[in-house]
Amino acid sequence: MLTQILILSPLLFALAVLFAGVRLRNILTVVFVVFLAGVSLVHLLFINEPLRYDLPHELHTLFFFFDALLLLFFLYVGIAKKDPLVASLAASQIVLYAAVKFVNGAVGSSDLLIDNTSLMMYLIVNIVGGIIVIYSLKYIESEEFSRLKKNGFIAVLFFFLGVMNFLVGTNNIEIFFLLFELTTLCSYILIGYRKDTISTQNALRALWMNQIGGVAILAALLLALVSYKTLSFDLLIANIDTAYLFPIVFLLLAAFVKGAAIPFEKWLLGAMVAPTPVSAILHSATMVKIAPFLVLKLSPAMSGFLSEAVMLFGTFVFFAASLLALSKNYFKEILGLSTIALLSFMMALAAIGTQEAILAASILMVFHALSKALLFLQLGILEKEFHLKYVNDIESLMSYSPLVVFFIVFGFASLTLPPFGVFIGKFMAFESFAAGIQESPVFLAALLFSALGSVFLTILYFKVLTKVFVRDMSLGDSKRKEIACTYKITSWALSVLLGVGIVWSLAQRLFGMWEILIPALLIGVVPLLLYVFVLQNAQRVKEYNCGEKEEVVLNMYYLHTPSAVQKTILILSLVFLGSLFVGVAL
Amino acid sequence: MFRKFRKKSPWILHYNAGSCNGCDIEILACLSPKYDLERFGVINTGNPKQSDIFLVTGPVTFRSRERLVELYTQMPEPKVVVAVGSCTCTGGVFRDMYNVEDGIDRYIPVDVYVPGCAASPELIIDGVVKALEVLEKKTKAMEKPRKLFSEATTKEGIVDRRECAQKVGEADAKDTE
Amino acid sequence: MIEILLILLAPVAGGLLYGFERVVRARMQNRQGPPLLQPFYDMMKLIDKQTLIVNPTHALLGVMHFVALWAVVAFTIMGGNLLYIVFLHLLASLFLVLAAFSVKSIFSHLGANRELLSMIAYEPILVMFAVAFYMLNGSFSIDAVRANPSALGSLLFLFLAFLFVVQLKLKKSPFDAAKAHQEIVGGAEVEFSGLFFEFVYMALWLEYVFVYLLLMLFAGDNILLGGILFCVVFLLVNLVDNATARVRMEHLIKIFLGIAVSLAALNLLGLAYV
């Protein structure tokens, strides 16, 4: 019952806000988001065992109809925009889908299966996604869209939430394919929303790269129908034969495409030209979480070779993406590459399959969504209130808005430092790798990659603060700028949720009490002290510049990856992917 | 209570205000194993914010005078200034030349003058030790600015600085007035 | 109870260690050196100076750096989770980096950037250090390490890699590019003065205590061996400091990632398969 509400209500909400006036739309959106968040919480707290539902046959026919329409639309887009990749991939998808429909004799189990992973994803999608939708209400006010187009933005976001709610519960691979392609459609629409040249270009690139994922899912579905005679996830995983893992490998390929692992990272980086709420909700917090979610679903089916190979690939991408991010100046690209890195890390953990690793992956998914959403919201504020996109343009933000600086530092700290959730996930990951070294040397390589990747991410986040954190005392308090109320409320909401996460991890006894309290105190007391101790009595003095009086100009430093290294990374990732297929064949 | 620790841990800031480097070499020699200033706890910090003793060499050239005053003001109280070498005290062999201001006491108040060209390391150590005694007596209030020179006189259109310098003891007498 | 006393006395012990080290370095250079209690004289003098601050954020984050490092030492003495301590130490270093970033000073930023880069050098080795003890004892807990006999024989390569880390963390040649006194005037510490410089100074003493406590984990429950290791490494570190010149940051990272990380990784492989 609750599941149906979560799936259907966002579609109704989308229709409702599409034609409303501005005030009505805002009020309705807030009400809808609170409703969705409440339902998902209730679902989590009161439903304890997995639920199964079957969908009536008419709905299946309806889905087939929608799917065909969707694929024809993609083909049309490819032909109309003269993009051969989109057109050819859409055509191959149509062919494969027709082939799937011709194969008979499949045994299906329930269409919807709500287990703990789904419940966790409901929280991420509805709460984090909901907060971002509220944020986007204020964000689109200053965009140059017509009223209908602005309402359409919110409507598409709600539609996307509904699709995600359906996707994390579905057990039927065919419906999963439809929903996967629907998220690709949402991505395409929202990236190209501003309708300028670069947006349409990047939207097309996102479209064809995600279609590779679609092709992979169809291939997996076809192979599952032919060899295993099933189109349900749970039957596939239960009856898996370790000699024939091709369906799993193709599904994993789809996961890598959706999670923008190298070599597929270009679509995610290109998607950063979209309005910031799109980047936040689709490309960091919710849609790309399909990737580790899928790997979590498939992890019981992965044999020793496959799980180790995916783990090695995941940690390699973690290392490579963090290394590549060190050379970027565009703030969103930095966050995008770090998202790619952490997603691959989650996929690597999900692939290991031990209980600790799966718990680590889940914790990482939830808290990474919160932290990245918070960071992207701050980027949106920087974009709208201060017109800043590049890190090197940010001068003395502390004098303009210490609150935004606090949120940015808090967001970065919540991604690297104890006692926050992402740190706990990383810590448990290291414990899993350490536990596995005795079995296989691959774990040692994974450990090395993740240690290096984690330290690259740390220096990445803190070197960005070079210009953000500088407090230019000569500007004083005169330049203070108040940011809008909606922005503040949504950012505080996410920060409070991160704090709740600390309390939750204390309750779960993942760590000792002192080990969580002491860093929480250390980090928490700093903003309080800064508020209280203005240190009026101490004499202020300027910085040391060898006695010179000239102006000091600071810049963030880069670690440029030479193109030889970039090519090596690309080739290695392709080799890894190829070896997945080859290894499974042997 | 903390006063007596001031002379146990003097950190020096060494600045060259246009000197020929002779006195600089002697100062660095003081820090070397033979003369070892570190046994007094002296560290050569390059940072005015963390030093107590300002060791200056060189008659002040035009370009270095602003930096000299900047560095002096960036040092926190209590501080002492030690003028090392004859050039720093009175201009030395370069006195009255067009490109030097004769000595640093035109710009900053000096506590200890160490003569010599170049000042020998033993004399520099003596100077630093004497400066430590002066340091102990200082307060944390900022130095009162005092005019060390009367106005320069002009003879036949040429500025004559010989008469400007105060006699020995005249400045102290003025202070206690 | 005695652990709480040890924790409270940790800065004092660190100060004595630092003072003793200055004497040892001086004697190696054939000179007399300052008195043993010199760091405490420095501390008293710094408290007595007029306090000049650039901005309150900078000053307070410097103090938090000291407090966080004290918390790290406290966890190490109480016998906590070794991997967690490595990451908490990262938090302490990041406080100093944040403090250095909050002023508009070139040297401060240079030092902070170098400090961040040097994390690439030592973090992987410290993580592998923790993992090696996990593989030997089955848990990350320091108590377990101290209860078991010394593992120095099977951790020889890791010990060599750890010596590199000791040299880096104590800010000694050839790996002191992050502090680089003559080059960037102390790096991250440049804008601190008076009382607040005292906190950063004491943080250096605590760093000594932390690194030597980690070193003595190689001795397990054998206190005599711990003492011998401490003396040998102390003399070795000062000898290398006096004898070598500073290497540049990129060379530092290449040396660490090339030599030290390989040594540590080889040791872990050896632990698993030999």
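Draft legend 1. Highlighting the overall build of chain A. Along chain A, the regular secondary structure elements total 23 helices and 3 strands. Computed over its C-alpha atoms, the radius of gyration of chain A comes to 24 Å, within 12% of the 25 Å expected for a compact globule of 586 residues. Dimensions of chain A, computed from the C-alpha atoms along their principal axes, are close to 85 × 60 × 50 Å. With 586 residues in all, chain A has 63% of them scored as buried.

Draft legend 2. How the structure looks around the overall build of chain C. For chain C, the helix and strand inventory stands at 11 helices and 1 strand. Here chain C has a C-alpha radius of gyration of 18 Å; the compact-globule value for 274 residues is 19 Å, and the two agree. Dimensions of chain C along its principal axes, counting C-alpha atoms only, are 60 × 40 × 40 Å. The proportion of buried residues among the 274 residues of chain C is 68%. A sequence separation of at least 24 residues applies to 80% of the contacts in chain C between residues at least 6 apart.

Draft legend 3. Geometry of the interface of chain A and chain B. Counting from both sides, the interface comprises 8 residues of chain A and, opposite them, 9 residues of chain B. Approximately 760 Å² of surface area, both sides summed, lies buried where chain A meets chain B, with 47% of it carried by carbon and sulfur atoms. By the criterion of area lost to chain B, the three top residues of chain A are A:Tyr544, A:Gly547 and A:Lys549, representing 61% of everything that side buries. A salt bridge links B:Arg67 to A:Glu548, with the shortest nitrogen-to-oxygen separation between them at 2.8 Å. Applying the counting criterion to the chain A and chain B interface returns 3 residue pairs in polar contact (both at pLDDT 80 or more).

Draft legend 4. Broad picture of the interface of chain A and chain C. On the chain C side, the residues contacting the 63 residues of chain A number 58 residues. Of the roughly 5,500 Å² buried where chain A meets chain C, counting both sides, 78% is carbon and sulfur surface. It is A:Leu522, A:Glu543 and A:Tyr544 in chain A that bury the most area against chain C; as a group they hold 11% of the surface buried on that side. For the pair chain A and chain C, the interface holds 2 salt bridges. The closest approach of N and O atoms between C:Lys104 and A:Asp472, which form a salt bridge, is 3.4 Å. Elements with a minimum of two residues in the side of chain A that touches chain C: helix H19 (421-436), helix H20 (442-468), helix H22 (513-532) and strand S3 (539-540) of chain A. Looking at which element gives the most residues to the side of chain A that touches chain C, the answer is H20(A), with 14 residues. Residue composition of the side of chain A that touches chain C, by class: 46 nonpolar, 7 polar and 10 charged.

Draft legend 5. Spotlight on the pattern of salt bridges. Scanning all chains against the criterion turns up 31 salt bridges over all chains. Between C:Arg22 and B:Glu38 there is a salt bridge, with its nearest N and O atoms 3.1 Å apart. Taken together, the positions of C:Arg22 in helix H1 (residues 2-28) and B:Glu38 in the loop between helix H2 (22-30) and strand S2 (43-44) put the pair across two chains. Residue C:Lys49 is joined to B:Asp52 by a salt bridge in which the shortest nitrogen-to-oxygen separation is 2.6 Å. Note that C:Lys49 is positioned in the loop between helix H2 (38-47) and strand S1 (52-53) and B:Asp52 in the loop between S2 and strand S3 (53-57), a pairing that runs across two chains. Taken individually, C:Lys49 and B:Asp52 each receive the classification buried, so the pair is uniform in this respect. Through salt bridges with shared partners, a single network forms among A:Glu143, A:Arg194, A:Lys332, A:Glu383 and A:Lys384.

Draft legend 6. Local environment of the packing of helix H7 (residues 156-169) of chain C against helix H10 (residues 223-243) of chain C. Residues and elements named next belong to chain C. Relative to each other, H7 and H10 sit at 55°, their axes nearing to 11 Å. Between H7 and H10, the angle is such that the two are oblique. The crossing of H7 and H10 is right-handed. Residue-level inspection shows Phe-159, Leu-163, Val-166 and Gln-167 of H7 in contact with H10, the latter providing Leu-229, Val-233, Leu-236, Val-237, Val-240 and Asp-241. Residue composition of the contact of H7 with H10, by class: 8 nonpolar, 1 polar and 1 charged.

Draft legend 7. Layout of the pairing of strand S1 (residues 11-16) of chain B. Residues and elements named next belong to chain B. In terms of strand pairing, S1 meets S2 through 2 bridges, oriented parallel. Each bridged residue has a counterpart across the sheet, and for Trp-11 the counterpart in S2 is Ile-43. For the handedness criterion, the β-α-β arrangement of S1, H2 and S2 is classed as right-handed. As paired strands, S1 and S3 are joined by 5 bridges and run parallel to one another. Each bridged residue has a counterpart across the sheet, and for Leu-13 the counterpart in S3 is Phe-54.

Draft legend 8. Layout of the side chain of A:Thr561. Residue and element names in this part refer to chain A. Position of Thr-561 relative to the elements: it lies in the loop between S3 and helix H23 (563-585). A distance of 3.3 Å separates polar atoms of two side chains, one belonging to Thr-561 and the other to Gln-566. Among all residues touching Thr-561, those that are not within four sequence positions of it are Leu-323, Leu-324, Ser-327 and Gln-566.

Draft legend 9. Highlighting H2(C). Counting buried positions over the 10 residues of H2(C) gives 8, a clear majority of the element. Turning to H2(C), its buried residues number three or more, namely C:Gln38, C:Pro39, C:Phe40, C:Tyr41, C:Asp42, C:Met43, C:Lys45 and C:Leu46. The inward-facing, buried residues of H2(C) contact helix H1 (3-6) and S1 of chain B together with H1 and helix H9 (194-215) of chain C.

Draft legend 10. Inspection of the sheet that holds S1(B) at higher detail. In space, the 5 strands of this open sheet follow the order S2-S1-S3-S5-S7 (chain B), with parallel pairing throughout. In the strand order of this sheet, the two ends are held by S2 and strand S7 (112-114) of chain B, each with one partner.

Draft legend 11. The packing of helix H12 (residues 276-285) of chain A against helix H16 (residues 355-385) of chain A, seen in detail. Residue and element names in this part refer to chain A. Remark: H12 packs on H16, axes separated minimally by 9 Å, with the N-to-C direction vectors making an angle of 160°. Our classification of the angle between H12 and H16 gives roughly antiparallel. In this structure, H12 crosses over H16, and the sense of that crossing is right-handed. Each of Thr-276, Ser-279, Ala-280, Ser-284 and Ala-285 in H12 lies in contact with H16, whose residues at this interface are His-368, Ala-369, Lys-372, Ala-373, Phe-376, Leu-379, Gly-380 and Glu-383.

Draft legend 12. Spatial organisation of the side chain of A:Ser454. Mapped onto the elements, A:Ser454 comes out in helix H20. Not counting residues within four places of it along the chain, the set of residues in contact with A:Ser454 comprises A:Phe318, A:Lys426 and C:Phe87.

Draft legend 13. Representation of the nonpolar core. With 354 residues, the main nonpolar core has A:Phe158, A:Phe433 and C:Phe218 as its most contacted residues. Apart from residues no more than four positions distant in its own chain, C:Phe218 is found in contact with C:Phe129, C:Phe133, C:Ser150, C:Ala151, C:Leu152, C:Leu155, C:Leu158, C:Phe159, C:Phe162 and C:Leu229. In terms of nonpolar packing, the next biggest core, distinct from the first, is built from 22 residues, B:Tyr15, B:Val81, B:Ala83 and C:Ala180 among them.

Draft legend 14. Molecular detail of the confidence of the model for chain A. Averaged over chain A, the pLDDT score is 87; the fraction of residues at 70 or greater is 99%. By mean pLDDT, the top-scoring element of chain A is helix H15 (residues 331-352) of chain A (93), and the lowest-scoring one is S3(A) (79).

Draft legend 15. Just the pairing of strand S5 (residues 80-84) of chain B, in detail. Residue and element names in this part refer to chain B. When you tally the buried positions in S5, you get 5 out of 5 residues, the bulk of the element. Residue alternation in S5 divides its side chains into two sets, Val-80, Val-82 and Val-84 and Val-81 and Ala-83, and both sets are buried. Two strands pair when backbone bridges link them, and S3 and S5 are joined in this way by 5 bridges, in the parallel orientation. Bridge pairing in S5 places Leu-55 opposite Val-82.

Draft legend 16. Just the state of the cysteines, in detail. Here the structure, examined in full by the defined rule, presents 0 disulfides over all chains. Free cysteine: B:Cys89, not disulfide-bonded; nearest cysteine sulfur from B:Cys23 at 8.7 Å.

Draft legend 17. Summary view of the packing of aromatic side chains. This model, assessed by the stated rule, comprises 69 aromatic pairs over all chains. Seen from their ring centres, B:Trp11 and C:Tyr201 are 5.9 Å apart, and the 85° between their planes marks the pair as edge-to-face. With B:Trp11 in strand S1 and C:Tyr201 in helix H9, this residue pair bridges two chains. The class of B:Trp11 is buried, set by a relative accessible area of 2%. Judged by its relative accessible area of 6%, C:Tyr201 is buried. Among the aromatic residues, those joined into a ring-pair cluster are A:Phe423, A:Phe427, A:Phe430, C:Phe75, C:Tyr84, C:Phe87, C:Tyr134 and C:Phe140.

Conventions we followed
- Residues numbered from 1 in each chain as written.
- Chains lettered and ligands numbered in written order.
- Predicted model: local features only at pLDDT ≥ 70, side-chain atom pairs only at ≥ 80, totals over all residues.
- Heavy atoms only, no water.
- Helix = DSSP H or I, 4+ residues; strand = E, 2+ residues; numbered from the N terminus.
- Rg over C-alpha atoms; globule rule 2.2 N^0.38 Å.
- Buried < 20%, exposed > 50% of the residue type's maximum accessible area, 1.4 Å probe, protein only.
- Contact = heavy atoms within 4.5 Å.
- Buried area = accessible area lost by both parts, 1.4 Å probe.
- Salt bridge = Lys/Arg side-chain N within 4 Å of Asp/Glu carboxyl O.
- Polar contact = N/O pair within 3.5 Å; in protein donor to acceptor, adjacent residues only side chain to side chain.
- Nonpolar A, V, L, I, M, F, W, Y, C, P; charged D, E, K, R; others polar.
- Axes fitted to C-alpha atoms, helices over the stretch in contact; angles between N-to-C directions.
- Parallel < 35°, antiparallel > 145°, perpendicular 65-115°, else oblique.
- Left-handed = near helix turned anticlockwise from the far one by under 90°.
- Pairing = 2+ DSSP bridges.
- Right-handed = clockwise from strand over helix to strand, strands pointing away.
- Core = buried A, V, L, I, M, F, W, Y, C linked by side-chain atoms within 4.5 Å.
- pLDDT = per-residue confidence, 0-100.
- Disulfide = S-S within 2.5 Å.
- Phe/Tyr/Trp six-rings, centres within 6.5 Å; stacked < 30°, edge-to-face > 60°.

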